[in-house]
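Architecture and fold: a report
So you can see what is in the structure, the chains are spelled out below.
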Amino acid sequence: MTAEPPHSPVTEAVRSLEVRWIFPGQLEPAVAGWFGRFPARMESREDTYLLDPQLRGLSVKVRGGGALEVKVYRGSPGILEVAGRARGRLEDWQKWSFPFSLPRPHSGDPAGWRPVRKTRRITRFSLASGPIVAPAPGLGGEPQCEVELTEVRTRGQDWWTLGFEATGPASQLRSALQATAALIFAHALPGDVEPGPDESRSYAEWLCLRPGADSDADA
């Protein structure tokens, strides 16, 4: 993502093709080891999602306390399927980001917003260059796919998620995501975990569908 000149703090719109699976419970060491076959960087942050009012076709969050991210859902081009390993709904999104800081009350969370703590392992692939930790100079026009294995905590509950996000020329997004998924799932997930349609959804959809816990142990 490239920032515009200083007179306009809004980042350019980014088109992405994504698929994500979300599972209950803590991330098992065996799954972390499975993902560790590839070089990855670690990142911890808290994202705060707008849940009320619910905005159909939009995902709104404050990313890491420093940017307002607005994503528009553009539909699903179909199903990602890696035979015997994974199956999930592809989602087409367009994203903008704005500098922003969410005001914090003295106690509790802002009304209508839900904080989600994330510890992310992130690796990135390019169709032309193979696995890379960060985009190499001059690769901005190539299709790339970022893969993240993330530990999630919200409302005192632990979850984990595996997500793919392809960016680049629109005509090559699906091939980039499918090639990356084939590489990631060349070895099956340990513990008979097979990501399927029941676990496949965006963060925004998951937060709106799941019942909230009565209290937040992290508050």
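Residues numbered from 1 in each chain as written. Predicted model: local features only at pLDDT ≥ 70, side-chain atom pairs only at ≥ 80, totals over all residues. Heavy atoms only, no water.

**Let's talk about the pattern of salt bridges**
Basically, it comes down to this: Think of a salt bridge as a Lys or Arg side-chain nitrogen and an Asp or Glu carboxyl oxygen that are within 4 Å of each other. Strands are runs of DSSP state E lasting at least two residues, helices are runs of H or I lasting at least four, and both sets are numbered from the N terminus onward. When accessible area is computed with a 1.4 Å probe and restricted to protein chains, residues below 20% of their type maximum are described as buried, those above 50% as exposed, and intermediate ones as partly exposed.
Per the stated rule, a full pass over the model turns up 23 salt bridges. For Glu-43, the salt bridge is made with Arg-120, and the minimal N-O distance between the two is 2.5 Å. Separated by 77 residues along the polypeptide, Glu-43 in strand E2 (residues 41-50) and Arg-120 in strand E7 (residues 113-126) bring together distant segments of the chain. We classify Arg-120 as buried; its relative accessible area is 5%. Note that Glu-165 and Lys-95 form a salt bridge whose closest N and O atoms lie 3.4 Å from each other. Here Lys-95 lies in strand E6 (residues 86-99) and Glu-165 lies in strand E10 (residues 157-167), a separation of 70 residues in the sequence. Given the relative accessible area of 9%, Lys-95 is considered buried.

**A short note on the layout of surface pockets**
Defined as follows: Using a 1 Å grid laid over the protein atoms alone, points where a 1.4 Å probe fits but cannot get out form a cavity; open sets with protein on both sides within 12 Å along at least 5 of 7 lines form a pocket; any residue with an atom within 4 Å of a point counts as lining. Grid points are joined across faces, edges and corners, and a volume is the space filled by probe spheres set on the points. Here the term charged refers only to Asp, Glu, Lys and Arg, the term nonpolar to Ala, Val, Leu, Ile, Met, Phe, Trp, Tyr, Cys and Pro, and the term polar to all other amino acids, Gly among them.
Empty space within the second largest pocket amounts to approximately 400 Å³. Together, 19 residues line the second largest pocket, and Leu-55, Gly-57, Leu-58, Ala-204 and Glu-205 are the ones closest to its centre. Sorting the residues of the lining of the second largest pocket by element identifies strand E3 (58-63), E6 and helix H3 (203-209) as the ones contributing at least two each. Per element, the largest residue contribution to the lining of the second largest pocket is four residues, and it comes from H3. Per-class residue counts for the lining of the second largest pocket are eleven nonpolar, four polar and four charged.

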